[in-house]
Amino acid sequence: KKHNKRTVGKRGHVPGINICLFLEKTCRTGDITQHTTTHNNCTRKTDRDTMRGGRDIEHGRPRLGAVLLYIGALAAVFYLGSHVFVTGPSEDRQRLSAIEEQLTAVRQEVTDQLQQHHRLVHGMRQEATADDEKNLAKVRGELSDKWAELSKNKNADRAELERMIAEEVDDVVLQLSDAKTQIQQLSGLQSKYDSVQTQIKQVREEARSQQQAFDKQSREYQDQIKTLQQQLSLVTNNNNNNNNNNNNNNNNNNNNNNNNNNGNSNSNTGKSNRGKKSGTIKKRQASTATSGSKAKIPAAITDELETVATRLKNRPKLEKMWRNTYINTIDTTTLQLPDGTVHIFTGDIPALWLRDSSAQVHHYLHAAESDPETQQLIIGLIQRQADLILLDPYANAYRLEHLKNLGQYDRRDGKTEQIWERKYEVDSLCYYLWISYEFWSITGNTEIFDDRWMMAAKLILEVWKREQNHDPETSPYKFHSEMPAAGKGASTGYTGMTWSGFRPSDDACQYNYLVPSNMFAVVVLRYLSEIATQVYGDSATAQTASDLAKQIDDGIHEYAVVNHPEFGKIYAYETNGLGAHNLMDDANVPSLLSIPYMKYKSDHDPTEEITKNTRKFILSPKNPYYFQGKAANGIGSPHTPHGMIWHISLVMQALTSTDTEEINMLIDKCLETDADKDYMHEGFNANFPQHFT
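Numbers given to residues run from 1 along each chain, matching the order in which its sequence is written. Local features are withheld for residues below a pLDDT of 70 in this predicted model, meaning they are given only at 70 or higher, and side-chain atom pairs are given and counted only at 80 or more; totals for whole chains, interfaces and linings count all residues. Values shown for side chains rest on all heavy atoms present in the structure; no hydrogens or waters enter the calculation.

## Section: the overall build of the chain
As a reminder, the rule being used: Helix and strand assignments follow DSSP, with helices taken as H or I runs no shorter than four residues and strands as E runs no shorter than two, numbered in order from the N terminus. Each residue is placed in one exposure class: buried if its accessible area under a 1.4 Å probe, protein chains only, is under 20% of its type's maximum, exposed if it is over 50%, and partly exposed if it falls in between. Any two residues having at least one pair of non-hydrogen atoms within 4.5 Å are treated as being in contact.
Counting secondary structure elements, the chain contains 21 helices and 15 strands. Scored against the burial criterion, the 693 residues of the chain give a buried share of 42%. Long-range contacts, defined as pairs at least 24 residues apart, comprise 68% of the intrachain contacts of the chain with a sequence gap of at least 6.

And the structure:
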């Protein structure tokens with residue numbers, strides 16, 4: 001029988017071969033007792049795995065067949081002998097009898113040896129069983145220790161997983177709670193909506209026919225008014241020229257002095273494009289238009305589109321995206337109104353946001369630099385913004401077509417026939433001053449600076465100064481559905497900054513001194529001071545704007561700078577003036593990321609160390625809205641689901657970077673995360689960019 005060589009024991013003895021007794025003559029000693037002792041020693045030194053493995057051959061135990069074979073052979077000899085010698089002499093019988101006695105003795109000896117060997121094997125089995133139990137107990141102990149360790153690690157991993165799942169569940173629960181609240185609020189309006197829907201359709205049909213007739217008549221009136229204004233302007237200019245000629249003849253010396261003063265003033269500004277207002281400030285009537293037609297795309301914008309596209313021929317996807325996005329505003333969201341003003345709605349909602357509409361035309365300023373047609377487009381927008389601010393400076397979005405039959409819930413939060421949404425955001429008013437200054441700086445055109453422009457600017461100053469000391473009990477502003485304390489807002493302390501109800505994302509502030517918006521306010525107040533001085537000659541307004549800018553800037557550095565243990569001094573996103581700070585950043589602009597883009601600088605931070613530290617913080621996982629994924633890393637917003645990066649944050653990161661490699665990487669990320677739409681999204685999933693908002 002084959003056997004495992006590793007189990008070989010003493011020389012001449014092979015465990016696994018059963019017959020090692022004298023029958024096979026392996027002992028060679030002739031002494032069965034000595035063989036048994038030797039065999040027992042062999043057995044103890046052999047690999048007992050052979051015995052324990054359940055094999056059919058057990059070491060040291062002779063097979064019964066071999067013993068029976070031996071006994072059978074002796075029986076055969078006895079049988080043959082009985083037949084051979086039965087008739088033989090008496091000596092043969094005696095010899096046969098002796099043989100039988102010997103055979104009996106051998107049988108008894110073999111039986112005794114077998115019993116003794118059985119006892120030895122039984123003892124060895126008991127000993128092996130005891131060793132097995134010890135080894136088994138040892139192995140069980142080791143396995144138990146390993147199982148305890150694995151269970152501990154498993155419990156730790158499970159706890160971490162449960163914590164992560166709990167956070168995700170909390171976010172979902174909050175979103176569901178908000179959605180449930182909105183559904184409950186809207187459910188009360190559903191019955192009213194259904195009851196008046198038929199009436200609305202009828203009224204709209206009647207209003208549409210009346211509106212068409214009115215628009216036609218209005219256009220005729222506007223044409224007549226423009227003709228009269230042109231004639232009046234010619235007459236006025238002729239009279240002024242005659243008067244000026246007379247004055248020049250009588251006061252040559254004075255005129256020479258004035259010319260010298262004007263020349264000095266122009267050289268001091270160092271901004272040749274910024275024209276100065278000549279003569280009296282033009283008076284303009286408020287826009288009353290409620291409809292318009294699609295604006296014509298100026299040739300200068302088309303030329304700019306093709307010029308840049310030519311430079312991108314080697315990058316076809318980037319070229320296609322440029323063509324789609326650059327022209328999108330004027331091609332899809334711009335309405336030219338009969339009175340010359342322009343209504344630019346935000347895209348998916350038919351309402352004008354002060355912030356959005358300003359940013360939507362900013363990239364056309366380059367084309368407007370020397371193109372009157374593009375200039376008129378932006379002038380019309382700024383004039384409409386001024387009219388809307390004068391309507392309600394606390395609103396952030398306005399309708400074109402007046403809405404009738406507003407419900408009580410809508411009016412409670414400030415909505416009217418003309419106001420789409422009344423979420424007070426400091427940055428909305430900033431954008432009006434910002435786009436006006438940018439337009440003036442690039443084109444030098446002062447046509448926007450009429451009486452209503454300055455009325456709106458002074459109203460902004462009034463609101464910002466009032467909201468420096470925001471009192472929930474006396475403030476005229478409340479927003480019941482989203483702000484705490486029954487719409488009054490959370491408690492704040494005086495800081496010098498101006499109070500804001502909402503963020504640029506249209507989400508309610510956690511703490512109402514919104515730092516990026518106050519930084520933006522500092523910048524545009526300085527702009528307003530310059531415009532008031534150079535265009536309007538209004539030193540009082542200029543001084544008020546400068547003083548307010550300084551108060552806000554001082555407040556930022558006294559109440560909104562936090563000493564972070566990792567990044568050093570950084571700007572908080574929000575504070576309440578009572579010691580609480582919100583350390584984060586939101587993708588929408590103004591943001592802390594956009595500080596260089598806003599051109600905010602302060603004497604309190606001459607080396608811009610705080611700004612640099614803040615940038616490192618908000619572009620790290622320490623910012624709770626900085627998301628990292630397989631597709632991209634970037635800043636998102638609590639306005640959208642967790643893990644959604646906004647394209648505007650990637651663009652702003654590139655616009656404020658000085659690293660060419662970083663800029664190119666961010667452009668590539670924008671191209672890779674558009675879900676093959678060739679447009680930018682609001683937000684996209686950091687791991688699965690095909691999921692976007």
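Moving on, there is more to tell.
## Quick word on the packing of aromatic side chains
Let me state the cut-off plainly: Here is the rule: rings of Phe, Tyr and Trp (six-membered ring for Trp) pair when centre to centre is within 6.5 Å. Planes less than 30 degrees apart are stacked, more than 60 are edge-to-face, and the remainder are tilted.
Taken as a whole and assessed by the stated rule, the structure comprises 21 aromatic pairs. A centroid spacing of 5.9 Å and a plane angle of 85° characterise the contact between W440 and F449, whose relative ring orientation is edge-to-face. Residue classification places W440 among the buried positions, given a relative accessible area of 0%. Both rings, one in Y625 and one in F627, keep their centres 6.4 Å apart while their planes meet at 90°; by these two values the pair is edge-to-face.

## Observations concerning the sheet that holds strand β2 (residues 334-336)
Using the following cut-off: For two strands to count as paired, DSSP must find a minimum of two bridges between them. All axes here are fitted lines through C-alpha atoms, helices being fitted over the stretch that makes contact, and every angle between N-to-C directions spans 0 to 180 degrees.
Spatial ordering of the open sheet is given by β1-β2-β3, a layout of three strands whose pairing is antiparallel. The strands lining the two open edges of the sheet, one partner per strand, are β1 (293-294) and β3 (342-344). Of the strand pairs in this sheet, β1 and β2 are connected by two bridges, and their pairing is antiparallel. Bridging across to β2, S293 finds its partner in Q336. Against the sheet, helix α11 (residues 372-391) touches β2 and β3, its axis set at about 80° to β3.

## As for the pattern of salt bridges
Close approach of charged atoms allows side chains of opposite charge to pair. Just so we agree on the cut-off: By definition, a salt bridge exists where a carboxyl oxygen of Asp or Glu is found within 4 Å of a side-chain nitrogen of Lys or Arg.
Enumeration over the complete set of coordinates arrives at 27 salt bridges. Ionic pairing is found between K313 and E319, a salt bridge with its closest N-O pair at 3.0 Å. Between K423 and E421 there is a salt bridge, and its shortest N-O distance comes to 3.6 Å. On the basis of relative accessibility, which here comes to 16%, the residue E421 falls in the buried class. Counted as one network, the salt bridges with shared partners bring together R355, D356, E425, D427 and D506.

## Digging into a nonpolar patch on the surface
So the rule is basically this: Here the term patch refers to residues with relative accessible area over 30% and no salt bridge, with like charges joined within 9 Å and nonpolar side chains (Val, Leu, Ile, Met, Phe, Trp, Tyr) within 5 Å. Reported accessibility uses the Shrake-Rupley method at a 1.4 Å probe radius. Residues are deemed covered only where the shown protein chains occlude them.
A contiguous nonpolar patch, built from L161, I165, V169 and V173 and spanning about 330 Å² of accessible area, is present on the exposed surface. Counting through the fold element by element, V173 comes out in helix α4 (residues 90-250).

## Focus: the confidence of the model for the chain
Here is the rule: Residue-level confidence of the predictor, termed pLDDT, takes values from 0 up to 100.
Averaged over every residue, the pLDDT of the chain is 81; the share at 70 or more is 75%. Predicted confidence for residues 1-61 stays below pLDDT 50, and this span has 85 contacts to residues more than four positions away or in other chains. For the stretch residues 234-272, pLDDT sits under 50, and the model shows seven contacts to residues farther than four places along the chain or on other chains.

## Details of the sheet that holds strand β11 (residues 581-582)
Strand order in the open sheet made by the three strands is β7-β10-β11, with antiparallel pairing throughout. The sheet is open, and its two borders are formed by β7 (513-514) and β11, each paired with just one other strand. Across two bridges, the pairing between strand β10 (residues 574-575) and β11 is antiparallel. Pairing of T575 across the sheet is with H581, part of β11.

## A short note on helix α13 (residues 426-443)
Formally: Each helix should span, by expectation, one fewer than its residue count multiplied by 1.5 Å.
The first and last C-alpha atoms of α13 sit 27 Å apart over 18 residues, in line with the 26 Å expected at 1.5 Å per residue. Taken across its 18 residues, α13 has 17 buried, putting it largely inside the fold. A positive phi of about 75° marks G444, the residue just after α13.

## As for the packing of α13 against helix α14 (residues 451-466)
Between two packed helices, what matters for the description is the angle formed by their axes and the separation of those axes. As a reminder, the rule being used: With the far helix as reference, a near helix turned anticlockwise by less than a right angle produces a left-handed crossing, and one turned clockwise produces a right-handed crossing. When residues are sorted by character, Ala, Val, Leu, Ile, Met, Phe, Trp, Tyr, Cys and Pro go into the nonpolar class, Asp, Glu, Lys and Arg into the charged class, and all the rest, Gly among them, into the polar class.
Here α13 crosses α14 at 145°, and the two axes come no closer than 11 Å. When the axes of α13 and α14 are compared, the crossing they make is left-handed. Each of V426, L429, C430, Y432, L433 and S436 in α13 lies in contact with α14, whose residues at this interface are R452, W453, A456, A457, I460 and W464. Its residues placed into classes, the contact of α13 with α14 shows 10 nonpolar, one polar and one charged.

## Some words on the side chain of T640
In this structure, T640 sits in the loop between β13 (633-635) and β14 (644-646). Ignoring sequence-local partners within four residues, the contact set of T640 consists of W646, E682 and T693.

## Comments concerning helix α17 (residues 539-559)
In this model, α17 (21 residues) spans 30 Å end to end at C-alpha, consistent with the 30 Å of a helix rising 1.5 Å per residue. Within the span of α17, buried status applies to T541, A542, A545, L548, A549, I552, D553, G555, I556 and H557. Turning to α17, the residues buried within the fold contact α14, α16 (515-534), β8 (561-564), β9 (568-571) and α19 (609-618).

## Digging into the pairing of β9
Looking at chain direction, β8 and β9 are connected through four bridges and run antiparallel. What sits directly across from V561, in β9, is Y571. What sits between the antiparallel neighbours β8 and β9 is a turn of three residues.

## Focus: the nonpolar core
Formally: To qualify as a nonpolar core, a set must consist of buried Ala, Val, Leu, Ile, Met, Phe, Trp, Tyr and Cys residues joined through side-chain atoms within 4.5 Å.
Counting residues in each nonpolar core, the largest one holds 107 residues, and the members touching the most others are Y424, Y432, W453, W464, M519 and I556. With 12 residues, the single largest contributor to this core is α16. With sequence-adjacent residues up to four places away left out, W464 is seen in contact with Y424, V426, L429, C430, L433, T498, A521, V524, L525 and L548. Formed by nine residues, the second largest nonpolar core is a distinct cluster that contains F627, A632, I645 and F684.

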